[in-house]
Amino acid sequence: QVQLVESGGGLVQAGGSLRLSCTDSGHTFSKWSIAWFRQAPEKEREFVAAINRNGDRTYYADSVRGRFTISRDNAKNTVYLQMNSLKPEDTAVYYCAANALSIATTTGAMDFWGKGALVTVSS
């Protein structure tokens, strides 16, 4: 079984930065394409960023492109989401998800999900 765990969420002021981590300690992380999604209250879960197995291909939602950076360190079984220039509208629960086949940007393509980490950006 795959157990994804997000960490690094919290409260940050607008304009600040935060780094989320997604870790799976039970499996070889290099087998998985990883994506980040987020869900704000009463909104649909939306794609944020994705990275392939080798870490040489990435995709970003238009709303975060230029501000967020996804990266991975397979030796540490960890994928990161560096979030800079945070805005109040970035406030959401952020979910890490794994895809066994290839890089993807839709919720239906994900095979496993973490429990989520809350990011709150204050104004």
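This text goes with the structure placed above it.
### Topic: the pattern of salt bridges
Pairs can form between side chains of opposite charge once their charged atoms are near each other. Overall, the coordinates contain four salt bridges when judged by the stated rule. Note that Arg38 and Glu46 form a salt bridge whose closest N and O atoms lie 2.8 Å from each other. Note on Glu46: relative accessible area 31%, which makes it partly exposed. Ionic pairing is found between Arg65 and Asp62, a salt bridge with its closest N-O pair at 2.5 Å. On the accessibility criterion, Arg65 (47% relative accessible area) is partly exposed. We classify Asp62 as exposed; its relative accessible area is 65%.

### What to know about the state of the cysteines
A covalent bond between the sulfur atoms of two cysteines is referred to as a disulfide. Inspection of every chain in the model, using the stated rule, returns one disulfide. Between the sulfur of Cys22 and that of Cys96 lies a disulfide, 1.8 Å long from S to S. Between Cys22 and Cys96 the disulfide shows an S-S torsion of about -70 degrees. By sign, it is left-handed. With Cys22 in strand 3 (residues 18-23) and Cys96 in strand 9 (residues 92-99), this residue pair connects regions lying 74 residues apart in the sequence.

### Some words on the nonpolar core
If you look at the biggest cluster of nonpolar residues, it comprises 36 residues, and the most contacted ones within it are Trp36, Leu81, Met83 and Tyr94. Elements that contribute at least two residues to this core include exactly strand 3, strand 4 (33-39), strand 5 (46-51), strand 7 (68-73), strand 8 (78-83), strand 9 and strand 11 (117-122). Ignoring any residue separated from it by four or fewer positions in sequence, one finds Met83 in contact with Gly16, Ser17, Leu18, Leu20, Arg67, Phe68, Tyr94 and Val119.

### A word on the side chain of Arg38
Here Arg38 lies in strand 4. What makes Arg38 buried here is its relative accessible area of 5%. At 3.4 Å, the side chain of Arg38 forms a polar contact with the side chain of Ser63. A polar side-chain atom of Arg38 sits 2.9 Å from a polar atom in the side chain of Asp90. When residues no more than four places from it in sequence are discounted, the contact partners of Arg38 are Glu44, Arg45, Glu46, Val48, Ser63, Val64, Phe68, Glu89, Asp90, Ala92, Val93 and Tyr94.

### Quick word on the side chain of Asp90
For Asp90, the location among the structural elements is in the loop between strand 8 and strand 9. Here Asp90 is in contact with Arg38, Arg67, Phe68, Ser85, Val119 and Val121, once residues within four sequence places are set aside.

### Quick notes on unusual backbone geometry
At Glu42, a residue that is not glycine, the phi angle is positive and equals roughly 60 degrees. With respect to the element layout, Glu42 can be found in the loop between strand 4 and strand 5. Its identity is not glycine, yet Ser85 carries a phi of approximately 50 degrees, on the positive side.

### Considerations on the environment of Leu86
With respect to the element layout, Leu86 can be found in the loop between strand 8 and strand 9. Taking the C-alpha atoms as reference points, Leu86 and Arg67, separated by 19 residues in sequence, lie 7.7 Å from one another. Setting aside residues no more than four positions away along its own chain, Leu86 makes contact with Val12, Ala14, Gly15, Gly16, Ser17, Leu18, Arg67, Phe68 and Val121.

Rules and cut-offs
Residues numbered from 1 in each chain as written. Predicted model: local features only at pLDDT ≥ 70, side-chain atom pairs only at ≥ 80, totals over all residues. Heavy atoms only, no water. Salt bridge = Lys/Arg side-chain N within 4 Å of Asp/Glu carboxyl O. Buried < 20%, exposed > 50% of the residue type's maximum accessible area, 1.4 Å probe, protein only. Disulfide = S-S within 2.5 Å. Helix = DSSP H or I, 4+ residues; strand = E, 2+ residues; numbered from the N terminus. Core = buried A, V, L, I, M, F, W, Y, C linked by side-chain atoms within 4.5 Å. Contact = heavy atoms within 4.5 Å. Polar contact = N/O pair within 3.5 Å; in protein donor to acceptor, adjacent residues only side chain to side chain.

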